[in-house]
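# What the coordinates show
The chain contents come next:
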Amino acid sequence: DRATVLIVGAGPAGLVLGNLLRANGIDTLILERGSRERVQTRARAGFLGANSARVLTEHGLAAGMLRSGQSHDTCAFRDAEGEFELNYGELGRGEVHTVYPQQHLVTDLIAEYLHRGGRIRFDVTVTEIDAATATVRHNGGESRGRFVVGCDGSNGVSRRALPADLATRHARDHGIAWLAVLTEAPQSMTAVTYALHDNGFAGHMARSPQVTRYYLQVCADDDPAAWPDERIWSELAIRMRVDRFGPLREGPVTERRMVRLRSDVVDPMQHGRLFLAGDAASLISPSAAKGANLAIMQAEVLARALTDAVTREDEAALRAYSRTCLPRIWRAQEFSHWMITLLHGPAAAEPDAGFQRVLRRARLSSLRDSRSHQDFFAENYVGI
Ligand code: APR
């Protein structure tokens, strides 16, 4: 099995990359562990920033997003002092989000990739990657490429193929866990809402007219099974302060999953003939919904560099791939970290918890009252 570019993983990173390479006539093969059915139904992120919408549109990948994505330009913050909205579409650079569930995007990207003559093999688990020879071993045997791109997420094998003495992994476990909940319920508010509460953070994010995502900060060792529907709705009601701001529109909980807030960045994101993109290169905590957007940004940069290498034998952009992406990744990480400290209070055991709590309130007031803080927020919230 041979291909000019072998891609491991059919998430947003691998599929956007595959489509862009096919548009330039480059021979590609994607190897994906899951079945087609599985990857096309996995509900994950849903917020596409302005750069992602641009990449998808410019490369002919946006038909579904333009047809059924919802433009979203406002978020709201609630705490003991009240609620305020930020219309970020009119702040900063004036950019908005498009809400388009990731499984729909993945479905569109697979169809278009095949239409462009790309090859993809589902139910293939890669077990080993040799970065020097661009050889990949998997349960179906072996595949060889001129280049290999690891788009296999944060627990994939491509990270392990980077030599430990040459690549540094900068990692942080924020010590915070969210119960990520999908509900068959219409949205309760028009905006994404972040609720700050002494019981912990709660978030509300519309996904589609029938599906709403909620997040509840929980103990790291909590078991999702300990959160039956009634407990989820009653805790959401407390943290969302429904007595003050109105009731939530309840419905059955269809998915409950623990998400530990973790971030890491691999530097450099390449070695020999192997390049990493998406969560494989950098995992970002979901606090600012940037994961899929970073993946799409990297896929575009890498597609251009690989195209130069394959069509013109010019590897300058490939050599600069990590240098090009890392500053943008770190800015997203920095903002995401800023949001984590805004949304979550200190653990009660911390000696200066009281001090930190008041600082957090002051940060929120700056965001409520200061135009320059709001512009900072808007620019970083939607931008990459
Ligand atoms: N062999 C083959 N495929 C693999 C292997 C393996 N050993 N390991 C993982 N995969 C596949 C997974 O099944 C998955 O489909 O790689 C894919 C990785 O996709 P994602 O986890 O979606 O990662 P990425 O494309 O980087 O997307 C980044 O999108 O889901 C959002 O917010 C999320 O931050 C994430 C972003």
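Above this text sits the structure in question.
Structural notes, computed from the coordinates. (Residues numbered from 1 in each chain as written. Predicted model: local features only at pLDDT ≥ 70, side-chain atom pairs only at ≥ 80, totals over all residues. Heavy atoms only, no water.)

## A closer look at the site of the ligand
Where we set the bar: Near is defined per residue: the residue qualifies when any heavy atom it owns lies within 4 Å of the molecule or strand. Think of a polar contact as two N or O atoms within 3.5 Å of one another; within protein, one of them needs to be a possible hydrogen donor and the other a possible acceptor, and neighboring residues in sequence only count if both atoms come from side chains. Using a 1.4 Å probe, accessible areas were evaluated by the Shrake-Rupley method; residue-level cover was limited to the displayed protein chains. Elements are defined by DSSP. Helices are runs of H or I of four residues or more, strands are runs of E of two residues or more, and each kind is numbered from the N terminus. Amino acids are sorted into nonpolar (Ala, Val, Leu, Ile, Met, Phe, Trp, Tyr, Cys and Pro), charged (Asp, Glu, Lys and Arg) and polar (every other residue, Gly among them).
The local shell around the ligand holds 25 residues, among which Glu32, Arg42, Gln102, Val126 and Asp279 are the closest. At 2.6 Å from an oxygen atom of the ligand is found a side-chain nitrogen or oxygen belonging to glutamine 102. Coverage of the ligand by the protein chains reaches 92% of its 720 Å² of free accessible surface. Looking at the shell around the ligand, the elements with two or more residues in it are α1 (12-23) and α8 (291-312). It is α8 that provides the largest number of residues to the shell around the ligand, a total of 3 residues. In terms of residue class, the shell around the ligand is made up of 12 nonpolar, 7 polar and 6 charged.

## What about the packing of aromatic side chains?
For clarity, the threshold we go by: Only Phe, Tyr and Trp rings are paired, with Trp represented by its six-membered ring, and only when their centres lie within 6.5 Å; those with planes under 30 degrees apart are stacked, over 60 edge-to-face, the remainder tilted. For every residue, the accessible area obtained with a 1.4 Å probe (protein chains only) is divided by the maximum for its type, and the residue is called buried under 20%, exposed over 50%, and partly exposed between those limits.
In total, this model carries 17 aromatic pairs according to the counting rule given. Taking 6.0 Å as the distance between ring centres and 65° as the angle between the ring planes, the aromatic pair formed by phenylalanine 335 and phenylalanine 376 counts as edge-to-face. Of this pair, phenylalanine 335 sits in helix α10 (residues 321-343) while phenylalanine 376 sits in helix α12 (residues 371-382), placing them 41 residues apart in sequence. Judged by relative accessible area, phenylalanine 335 falls into the buried class, the value being 0%. Seen from their ring centres, tryptophan 338 and phenylalanine 376 are 5.3 Å apart, and the 75° between their planes marks the pair as edge-to-face.

## As for the sheet that holds strand β13 (residues 192-195)
The line we're drawing: At least two DSSP bridges between two strands are needed for those strands to be called paired. Here a residue-residue contact requires only that any non-hydrogen atoms of the pair lie within 4.5 Å. The angle between two axes is taken between their N-to-C directions and runs from 0 to 180 degrees, where each axis is a line fitted to C-alpha atoms and a helix contributes only its stretch in contact.
The strand order across the open sheet formed by 8 strands is β6-β5-β13-β14-β15-β12-β16-β19, and the pairing between neighbours is mixed. Looking along the sheet, the strands with just one partner apiece sit at the ends: β6 (82-86) and β19 (282-283). Across the sheet, α12 lies against β5 (75-79), β6 and β13, angled at about 125° from β5, the strand it touches most.

## Concerning the sheet that holds strand β4 (residues 70-72)
Strand order across the open sheet formed by 3 strands is β3-β7-β4, with antiparallel pairing between neighbours. Only two strands of the sheet have a single partner each, and these edge strands are β3 (47-48) and β4. With 3 bridges joining them, β4 and strand β7 (residues 97-99) adopt antiparallel strand pairing. Residue pairing for β7: serine 71 is matched across the bridge by threonine 98.

## Description of the pattern of salt bridges
Formally: Between Lys or Arg on one side and Asp or Glu on the other, a salt bridge is scored when a side-chain nitrogen of the former is within 4 Å of a carboxyl oxygen of the latter.
On inspection of all chains with the given rule, the structure shows 26 salt bridges. In this structure, glutamate 300 engages arginine 54 in a salt bridge whose closest nitrogen and oxygen atoms are separated by 2.8 Å. Of this pair, glutamate 300 sits in helix α8 while arginine 54 sits in helix α3 (residues 50-58); the two residues are 246 residues apart in sequence, bridging distant segments of the chain. A relative accessible area of 7% places glutamate 300 in the buried class. Taking relative accessible area as the criterion, arginine 54 reaches 30% and is therefore assigned partly exposed. Here arginine 93 ties to glutamate 95 by a salt bridge, and the two come within 3.3 Å at their closest N and O atoms. Among the ionic contacts, a cluster of salt bridges with common partners joins Arg54, Glu58, Glu300 and Arg304.

## Some points on the environment of arginine 241
Counting through the fold element by element, arginine 241 comes out in the loop between α6 (229-239) and α7 (242-245). By relative accessible area, arginine 241 is classed as buried at 16%. It is 28 Å that separates the C-alpha atoms of arginine 241 and serine 372, two residues lying 131 residues apart in sequence. Aside from chain neighbours lying at most four places away, what touches arginine 241 is Asp79, Ala80, Leu196, His197 and Leu236.

## A few points about unusual backbone geometry
For the bond running from aspartate 267 to proline 268, omega is 0°, close enough to zero to count as cis. Tracing the backbone shows proline 268 in the loop between β16 (253-267) and β17 (270-271). Of note, the phi angle at alanine 134 is positive, near 55°, even though the residue is not glycine. Examined against the element boundaries, alanine 134 turns out to sit in the loop between β9 (126-130) and β10 (135-138). Despite not being glycine, arginine 241 shows a phi value in the positive range, around 50°.

## Here's the deal with the packing of α8 against α10
Applied cut-off: Angle categories: roughly parallel below 35 degrees, roughly antiparallel above 145, roughly perpendicular from 65 to 115, and oblique for all the rest. Here is the rule for handedness: rotate from the far helix to the near one, and if that takes an anticlockwise turn smaller than a right angle the crossing is left-handed, while a clockwise turn gives right-handed.
Across the interface, α8 lies against α10 with an axial gap of 10 Å and an inter-helix angle of 165°. Between α8 and α10, the angle is such that the two are roughly antiparallel. Of the two elements, α8 crosses α10, and the hand of that crossing is right-handed. Here Leu294, Met297, Gln298, Val301 and Leu302 of α8 lie close against α10, whose contacting residues are Tyr321, Thr324, Cys325, Arg328, Ile329 and Ala332. Across the contact of α8 with α10, the residue classes break down as 8 nonpolar, 2 polar and 1 charged.

Geometric values such as these leave the question of function open.
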